[in-house]
Amino acid sequence: LSICFRTVEPLEYYRRFLKENCRPDGRELGEFRATTVNIGNGSITTADGSALVKLGNTTVICGIKAELAAPAVDSANKGYIVPNVELPSLCSTRFRSGPPGEEAQAASQFIADVIENSQIIAKEDLCIANGKLAWVLYCDIICLDYDGNILDASAFALLAALKNVQLPSVTINEETGLSEVNLKQKNPLIIRKHPVATSFAIFDDTLLIVDPTAEEEDLATGTVTIVTDDEDRLCSVHKPGGSPLTGAKLQDCITRAITRHKEVKKLIDKVIKSIKPK
């Protein structure tokens, strides 16, 4: 009976759970799904850094490819970071093959904003020779299984993959003017900040639930994503329309996001420690 009710009246079905302060998957309103991260270890052998993140069933992989290029004329001392989020048809029936849809474009823009606002990497650090040579980091984030909250999973996968990147040392030969790459000497990227995204779905304009599934996102009257950094600073608030939030509710989201930041950071540190050569 409940499956039938869930199909015909999904919102009413959900409201019955929410009244009891829980959700159909057994979680409390403020509880995240089980979160796991695998860094490097040949997730993508052709990448310079990679990570696989799971948030419940939502599974995202991030591969980072580093290439050399000339810096832009107006920012001669900066490299580039080019993020791209893909939601292929294989990850969910809601996506079609072909050019990126609205949700994938919005997710790519969100990740670009996180990189910019948080200063996760200083683009100056990617410059090799002023006006001559810089690194370009292509960050491809691909969803393998979609079950809601793609933004949190994508931001997490990006951060974990960046922490896994090792770049060869590059010098420019004074005489020939050509770049020389030393693959034997590799250096990690300088990660200046650790931005973490925490997403909420808003139910019936007032109730906040954390880490929404795809079904919860569909039934929600709005969503909001808070991005915080190591110093508990707010990097960005992403709120694409929907129910307005009171100042108090927003503050509540920020407080919870700060707590979540500590959990995610701890998880990344633990995994990195375990893969470092002894």
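The protein is annotated in an unreviewed UniProt entry as Exosome complex component RRP43 from Aramus guarauna. In its Sequence similarities (unreviewed entry) section, the UniProt entry covering the protein states "Belongs to the RNase PH family."

A. Expanded view of the overall build of the protein. What the protein contains, in helices and strands, is 6 helices and 12 strands. C-alpha extents for the protein along the principal axes are approximately 80 × 40 × 40 Å. Counting the 278 residues in the protein, one finds 44% classified as buried. The long-range share in the protein, meaning contacts at least 24 apart out of those at least 6 apart in sequence, stands at 66%.

B. How the structure looks around the nonpolar core. Counting residues in each nonpolar core, the largest one holds 56 residues, and the members touching the most others are I121, L137, L162 and L189. Among the elements that make up this core, the one with the highest residue count is helix 4 (residues 150–162) (11 residues). When neighbours within four sequence positions are excluded, L162 is seen to be in contact with I64, I120, I121, L137, L189 and I191.

C. A look at the pairing of strand 12 (residues 234–238). In terms of strand pairing, strand 11 (residues 222–228) meets strand 12 through 4 bridges, oriented antiparallel. Bridge pairing in strand 12 links T228 to L234.

D. Region of the structure containing helix 6 (residues 247–275). Compared with an ideal rise of 1.5 Å per residue, which puts 29 residues at 42 Å, helix 6 spans 42 Å between its outermost C-alpha atoms and is within 8% of the ideal. Of the positions making up helix 6, those classed as buried are C253, I254, A257, I258, R260, H261, V264, I268, V271 and I272.

E. Structural detail: unusual backbone geometry. Of note in this structure, D211 is not a glycine but carries a positive phi near 50 degrees. A relative accessible area of 0% places D211 in the buried class. The phi dihedral of D232 falls on the positive side, at around 60 degrees, and the residue is not glycine. Along the chain, D232 turns up in the loop between strand 11 and strand 12.

F. How the structure looks around the side chain of S243. Mapping S243 onto the fold places it in the loop between strand 12 and helix 6. Using a relative accessible area of 3% as the deciding quantity, one classes S243 as buried. Of the polar contacts made by the side chain of S243, one reaches the side chain of D205; its length is 2.5 Å. A polar atom in the side chain of S243 sits 2.8 Å from the side chain of T221. Discounting residues that sit within four places of it in the chain, S243 has contacts with I202, D205, T221 and G222.

Rules used in this analysis
- Residues numbered from 1 in each chain as written.
- Predicted model: local features only at pLDDT ≥ 70, side-chain atom pairs only at ≥ 80, totals over all residues.
- Heavy atoms only, no water.
- UniProt positions renumbered as here; feature names shortened; annotations may be inferred.
- Helix = DSSP H or I, 4+ residues; strand = E, 2+ residues; numbered from the N terminus.
- Buried < 20%, exposed > 50% of the residue type's maximum accessible area, 1.4 Å probe, protein only.
- Contact = heavy atoms within 4.5 Å.
- Core = buried A, V, L, I, M, F, W, Y, C linked by side-chain atoms within 4.5 Å.
- Pairing = 2+ DSSP bridges.
- Expected span 1.5 Å × (residues − 1).
- Polar contact = N/O pair within 3.5 Å; in protein donor to acceptor, adjacent residues only side chain to side chain.

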